[in-house]
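Spelled out from the first residue to the last, the chains are:
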Amino acid sequence: MTEKLLVPDIGDFENVEVIELLVKEGQEIKKNDPVVTIESDKSSVEIPSIFSGKIESINVKVGDKVSKGDLVLNISSVDQKISTQDVPKNTENLIQEAENSLKNQEQNKSAKKIKKEKSEKIQVVNDGDIDPLETKEWLESLTDVMEKDGNQRAHYLIRELINKAYMEGANIPYTQNTPYINTIPVSEEKKSNGDQNIERRIRSLIRWNAAAMVVRANKKFPELGGHIGTFASAATLYDVGMNHFWRAKNNKFGGDLVYFQGHSAPGMYARAFLEGRLNEKQLDSFRQEVSPGGLSSYPHPWLMPKFWQFPTVSMGLGPMLAIYQARYMKYLINRGLIKDEGRKVWAFLGDGEMDEPESLGAIGLAAREKLDNLIFVVNCNLQRLDGPVRGNGKIIQELEGIFRGAGWNVIKVIWGSYWDQLLANDKTGHLVKTMNETVDGEYQAMKARDGAYVREKFFGKYLETKELVSSLSDKDIWRLNRGGHDPHKVFAAYDKASKNIGSPTVVIAKTIKGYGMGKSGESVNTIHQTKKLDVDDLMYYRDRFDVPLTDQQVKNIEYYKPDQNSPEIKYIKEKRLQLGGFIPERTTYAKSIKTPPKDIFDNMKVSTGKKEMSTTMALVRMLTNLLRDKNVASRLVPIIPDEARTFGMEGFFQKVGIYAHEGQKYEPEDSAQLSSYREEKSGQVLEEGITEAGAMSSWIAAGTSYTNHDIEMIPIYLFYSMFGFQRIGDLAWAGADSQSRGFLIGATAGRTTLAGEGLQHQDGHSHLMASTIPNCVSYDPTFHYELAVIFRDGLKRMHEKKENIFYYITTMNENYPHPAMPTDKSCEEGILKGMYKIKEFNKHKKTKIQFLGSGTILREMIAGAEILQKEYQIDSEIWSVTSFNELRKDGLEVERYNLLNPDKEPKKSYVEKCLGKTEGPILAASDYMRMNSDQIRPYINKSFYSLGTDGFGRSDTRKNLRKFFEVDKEHVATFGLSVLAKEQLIASKHVKEAIKKYKIDSNKPMPTKL
Ligand SMILES: Cc1ncc(C[n+]2csc(CCOP(=O)(O)OP(=O)(O)O)c2C)c(N)n1
Ligand SMILES: [Mg+2]
């Protein structure tokens, strides 16, 4: 039966042009196959067929204008058979979810209730308690409920009580905090099966070697720096993970991903030394990286590409990157690109670091997306660089409140096992009360003193607590340990964190900065920067951790590594073997992606005729083409921070869907439209919302997918160019260090091209920022074919040849016609190298000038050259400069070669090759600061002048902005004349005339001063 395929609802648009026919008459197609592409002045979308069958006739052709309801084609439809394959994806997801939820319910039912020992503890008598007996009764009832019906029931009743109180109008003070004790009660602690004695010995050796490598390096060269106190506080937190939890990547498993706290790196090297992965010579080259084999100061994959996976030392980036990494892992799973193996992402953070806005900036996303594959460990040693993190408060409680409020599973590990008995004996609750009341400044000061001081200041506060420790010696009191130094407590916390379902977990562990360093460092404000220890300190450290070194060996600051066959080395290796290999380790087994055929962008190499288009739109068209390439399509990761409509990308919503881990639980308002807001569990677009930092973190996760997930992906992050490097520069640097591969697209770029928006939106410097990153390749193309050539080359270099570079390309929102690609064979090479001749005016053969233009300003130069040709009989050659940055890189290299090889034939820079033999002075311009084009000045021995958009942007029309910044065609022509006059090639009267004619105010101050 013949069916008619009509143009569906395309939103507010009418008379939209058909730009591509994707099918032919007689062709068999399936439901949802795209049949034509239509394009408005803002975006292009494909119309899918809603029938399967054979196309009888096509009713539209390229160039036709269509509106909703117009006939596209007739199709002889085949009956739809209902098979499992035809179940719409969403329904499939619903069924799957329903099944999962049933499974979970079953599991919950069968989960045995945890019976508690009857607690004898009675809560402390609070100051405001007017009826302690009644309080006792309520508390006992609660204990009974917990014993009889379990925690869930107790929670339920408490919630009901709170609700009831609210309904009755009671004003309940809000609290996100629990008492200042461990979250996991002793009765629920899972015990480690490790050999604690041997683990302690191993840990002690790692501690020693980590400190020794820093001290040795600084003894040699005091300028090298390094940290001892941080790892000293975190050793147990890492060791328990290394011995029992973190599974390495191997041919059977994808591996857990661990973000190490940057300045705890010496500890990781010290462990790798015991594991036999690093040798003494390497440890001795800590922070001496210039010669090969040196160990980098902090985790830097660029410098140690086989070891480090994640750069973390710029505080705040680690937490954010880890959250988006965990989210991206789920994205890959939900898209069916990797298996769900229960892999985890662990991130180690400092308590001082948590003050960075980025550290907490994305924790809401982690909870919202139910990232139960994510575990934060915050090492609360109560100190940062200068002193206490919260002298007057309690960082652990503060973080607990923040994370709990955001929906995280919070596990506090405050007290070590030596406290268990004391807490059990705290019948009056005065111990917990003291713990609650003591501020971090006091906790820190106590650990810098001794047991007697703790007895007096802490336990001495109340009679009841004094009594509690009356039988303990000062030494015993001193031994009362903190949770983060107790392997049992840490193990129990990690165990619980690993098994948590439905939310991310944060383990907040209390430790001591400079743990074990005694008077020289423990809890001392200056410990962060201590990198030298004198002999006495070293002796103390050796004795404290029973490191088997003689006094002389200590004086020599020797490393200690037990024999290969020692129980310690055997144990450490065995543990890692059981966990699949070593961590950290960076490997990649990803297959490259075959670059799409050359003709994939052919439609961008022909002239658009009169049709006007922006380069942003050309890019979106290109992406649509790429989604038809079978090798590339599934690997594209379009990332947008709430700007899809700005860039005309809304067609992607329907075509590939927006990633949403829960699918779409609602019918979108625009469901009847072609570009409806479609969310799906297997959606491809990462619609990040308004978070450039988050979007960039996703880009890094996807750009390093080839190493962290062994699958090459192609992230394309489109953003307002002004909110790119300027906003997320540090993340871009970390992305570069991580060897991320992918595209950053600075859309709506150019100081004068983005009209209207004004000072804070108009970008005239992002290319200069891009040029600061060594492995960033950047381009500022003008025409669609340039974009196509650049993009395809990017795909090839990054994703087929696996070069560790990334691309920054600016695209603009100015609409103009695009010419066909010049047929000159060298054009493509020129586009990629940074410049090629696009036009020549040589009618008059008298005077000549060279114009170099970039981005949209190239068009002003062409127009300016036309004026000179027509009105002043001046010839010109016009060069499209696709990248001043790339030209400069080439120039730098050539210049260096020539200087270092004085006896060899000098090489020519590419700029020199292009312009060396040309006639006339050079005038260069772009929509960026003059510094952009000035970059190539040194590489051409000719008179060189530049125009640019130095200064603050402002809102106005494009025309007025270009006049203001003096980069419009009239200024190009006038400055062109002026340059020629200065070179004494024409009379200066022509310049004066032009200034008058084009109403140029020569007394106007520089735009930088306005
Ligand atoms: C963005 C940034 N700002 C400043 C620093 C310098 N810095 C390095 S460590 C540190 C203190 C860190 O304190 P904390 O997070 O508590 O870590 P700890 O050493 O105590 O474990 C500072 C300020 C940095 N690395 N990154
Ligand atoms: Mg700290």
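Residues numbered from 1 in each chain as written. Chains lettered and ligands numbered in written order. Predicted model: local features only at pLDDT ≥ 70, side-chain atom pairs only at ≥ 80, totals over all residues. Heavy atoms only, no water.

Some thoughts on the overall build of the chain
How we decide: Numbering of helices and strands starts at the N terminus; helices are DSSP runs of H or I of at least 4 residues and strands are runs of E of at least 2. Our radius of gyration looks at C-alpha atoms and nothing else; its globule reference is 2.2 Å times the residue count to the power 0.38. For the exposure calls, accessible area comes from a 1.4 Å probe over protein chains only, and a residue counts as buried if that area is under 20% of its type's maximum, exposed if over 50%, partly exposed in between. Working rule for contacts: check all heavy atoms of both residues, and any pair within 4.5 Å makes them a contact. Using a 1.4 Å probe, the Shrake-Rupley method yields the accessible areas, and only the shown protein chains count as cover for residues.
A tally of helices and strands in the chain yields 35 helices and 28 strands. Here the chain has a C-alpha radius of gyration of 34 Å; the compact-globule value for 1010 residues is 30 Å, and the two agree. On the principal axes, the C-alpha backbone points of the chain span a range of 105 × 80 × 60 Å. Burial analysis of the chain (1010 residues in total) assigns 55% to the buried set. Put simply, 77% of the contacts in the chain that link residues at least 6 apart link residues at least 24 apart. Surface exposure of the chain reaches about 44,600 Å², of which carbon and sulfur atoms provide 51%.

Digging into the sheet that holds strand S11 (residues 374–380)
Cut-off, in case you're wondering: One bridge is not enough; two strands pair if DSSP finds at least two bridges between them. Note on geometry: axes are C-alpha line fits, over the in-contact stretch for helices, and angles between N-to-C directions span 0 to 180 degrees.
Strand order across the open sheet formed by five strands is S9-S10-S11-S13-S12, with parallel pairing between neighbours. One side of each edge strand has no neighbouring strand; the edge strands of this open sheet are strand S9 (257–259) and strand S12 (409–413). This sheet shows a mean twist of 15° between the axes of neighbouring strands, independent of strand direction. Relative to S11, strand S10 (residues 345–350) is paired through six bridges, and the arrangement is parallel. Of the residues in S11, the one forming a bridge with Ala347 is Phe376.

Concerning the packing of aromatic side chains
For clarity, the threshold we go by: Each pair of aromatic rings taken from Phe, Tyr and Trp, with Trp reduced to its six-membered ring, is defined by centres within 6.5 Å and is described as stacked if the planes are under 30 degrees apart, edge-to-face if over 60, and tilted in the remaining cases. Note on criteria: charge over ring means Lys NZ or Arg CZ within 6 Å of the ring centre, with the direction from the centre no more than 35 degrees off the ring normal.
For the coordinates displayed, the defined rule picks out 46 aromatic pairs. Consider the rings of Tyr269 and Phe307, whose centres lie 5.8 Å apart with planes at 35°: the pair is tilted. Of the two residues, Tyr269 sits in helix H5 (residues 265–274) while Phe307 sits in the loop between helix H6 (280–283) and helix H7 (317–334), which places them 38 residues apart along the sequence. In terms of burial, Tyr269 and Phe307 fall into one category: buried. For the cation-ring pair, Arg287 lies above Tyr298, with the distance from its terminal atom to the ring centre recorded as 5.0 Å. Here the basic side chain of Lys1004 rests over the ring of Phe964, its NZ or CZ set 4.6 Å away from the ring centre.

A short note on the coordination of the magnesium ion (ligand 2)
The line we're drawing: Note that water is not among the atoms used; donors are N, O and S atoms within 2.8 Å of the metal (3.2 Å for Na, K and Ca), so sites may look incomplete.
Around the magnesium ion (ligand 2), the protein contributes the donor atoms Asp351 (OD), Asn381 (OD1) and Gln383 (O), at 2.0 to 2.1 Å from the metal centre. Asn381 gets classed as buried once you look at its relative accessible area, which sits at 5%. On the basis of relative accessibility, which here comes to 2%, the residue Gln383 falls in the buried class.

A closer look at the nonpolar core
One broad trend across soluble globular proteins is that nonpolar side chains are buried collectively. Under the convention used in this document: Take the buried Ala, Val, Leu, Ile, Met, Phe, Trp, Tyr and Cys residues and link them wherever side-chain atoms come within 4.5 Å; each set so joined is a nonpolar core.
One finds Ile323, Leu374, Phe376, Trp408, Trp419 and Phe459 to be the most contacted residues of the largest nonpolar core, which totals 84 residues. Per-element accounting of this core gives the leading share, eleven residues, to H7. Excluding its chain neighbours within four sequence positions, the residues that come into contact with Ile323 are Ala362, Ile363, Leu365, Ala366, Leu371, Leu374, Phe376 and Trp408. In terms of nonpolar packing, the next biggest core, distinct from the first, is built from 83 residues, Leu787, Cys827, Ile867 and Tyr928 among them.

A few points about the environment of Gly407
With respect to the element layout, Gly407 can be found in the loop between helix H10 (395–406) and S12. The spatial distance from the C-alpha of Gly407 to the C-alpha of Ser503 is 7.2 Å, given a sequence separation of 96 residues. Contact partners of Gly407, with chain neighbours within four places excluded, come to Ala367, Ser503 and Pro504.

Things to note about helix H18 (residues 535–544)
In an α-helix, one turn spans 3.6 residues, which is why side chains three or four residues apart end up on the same side. The set of residues buried in H18 consists of Asp537, Leu538, Met539, Tyr541 and Arg542. A positive phi of about 50° marks Asp546, the residue just after H18.

Some thoughts on the site of ligand 1
The criterion, for reference: Near, as used in this document, describes a residue that has one of its heavy atoms within 4 Å of the molecule or strand being considered. For this analysis, a polar contact is any N or O atom pair within 3.5 Å, provided that within protein one partner can donate a hydrogen and the other can accept it, and provided that sequence-adjacent residues contribute only side-chain to side-chain pairs. In this count, Pro and Cys sit with the nonpolar residues alongside Ala, Val, Leu, Ile, Met, Phe, Trp and Tyr, while Asp, Glu, Lys and Arg are called charged and the others, Gly among them, polar.
Taken together, 17 residues lie around ligand 1, and Thr230, His263, Asp351, Gly352 and Lys513 are the ones closest in. One of the side-chain N or O atoms of Gln261 is found 2.9 Å from an oxygen atom in ligand 1. In the environment of ligand 1, a nitrogen atom lies 2.9 Å from a nitrogen or oxygen atom belonging to the backbone of Val313. Here ligand 1, which alone exposes 590 Å², has 75% of that area covered by the protein. A class-by-class count of the residues in the shell around ligand 1 yields three nonpolar, nine polar and five charged.

Examining a nonpolar patch on the surface
Using the following cut-off: Each patch is built from residues that are more than 30% exposed by relative accessible area and take part in no salt bridge. Like charges join if they lie within 9 Å; nonpolar side chains (Val, Leu, Ile, Met, Phe, Trp, Tyr) join within 5 Å. Any carboxyl oxygen of Asp or Glu within 4 Å of a side-chain nitrogen of Lys or Arg constitutes a salt bridge here.
On the surface, a cluster of nonpolar side chains totalling about 260 Å² of accessible area is made up of Ile158, Ile162 and Tyr166. With respect to the secondary-structure elements, Ile158 resides in helix H2 (residues 132–167).

Points about unusual backbone geometry
The step from Ile583 to Pro584 runs through a cis peptide bond, and the omega angle for that step is -5°. Locating Pro584 in the fold gives a position in the loop between helix H20 (567–578) and strand S14 (612–613). A positive phi is found at Ile557, a non-glycine position, where the angle reads about 50°. Along the polypeptide, Ile557 turns up in the loop between helix H19 (551–555) and H20. With a phi close to 45°, Thr748 is a non-glycine residue in the positive phi region. Secondary-structure assignment places Thr748 in the loop between strand S20 (743–747) and helix H26 (766–770). What makes Thr748 buried here is its relative accessible area of 3%.

Thoughts on the packing of helix H23 (residues 692–703) against helix H25 (residues 725–737)
Definition in use: Every angle not falling under 35 degrees, over 145, or within 65 to 115 is termed oblique; those three ranges are roughly parallel, roughly antiparallel and roughly perpendicular.
Running from N to C, H23 and H25 point in directions that differ by 10°, and their axes come no closer than 9 Å. When the interaxial angle is binned, H23 and H25 end up roughly parallel. Residue-level contacts link Glu692, Ala693, Met696, Ser697 and Ile700 of H23 to Arg727, Ile728, Leu731, Ala732 and Gly735 of H25. By residue class, the composition of the contact of H23 with H25 is six nonpolar, two polar and two charged.

Details of the side chain of Lys394
So the rule is basically this: When charges are tallied, Lys and Arg are placed among the positive residues and Asp and Glu among the negative ones, while His and the ends of the chain are skipped.
Mapped onto the fold, Lys394 is located in the loop between S11 and H10. Although Lys394 is buried, it makes no salt bridge; Asp440 carries the closest opposite charge, 6.2 Å away. When neighbours within four sequence positions are excluded, Lys394 is seen to be in contact with Tyr180, Met435, Asn436, Glu437, Thr438, Val439, Asp440 and Tyr443.

Some details on the packing of helix H29 (residues 857–872) against helix H34 (residues 969–982)
Let me state the cut-off plainly: Here is the rule for handedness: rotate from the far helix to the near one, and if that takes an anticlockwise turn smaller than a right angle the crossing is left-handed, while a clockwise turn gives right-handed.
At a minimum axis separation of 8 Å, H29 and H34 run at an interaxial angle of 55°. In terms of orientation, H29 lies oblique with respect to H34. Of the two elements, H29 crosses H34, and the hand of that crossing is right-handed. Seen from H29, the contacting residues are Glu860, Met861, Ala863, Gly864, Ile867, Leu868 and Tyr872; seen from H34, they are Lys969, Val972, Ala973 and Leu977. Classifying every residue of the contact of H29 with H34 gives eight nonpolar, one polar and two charged.

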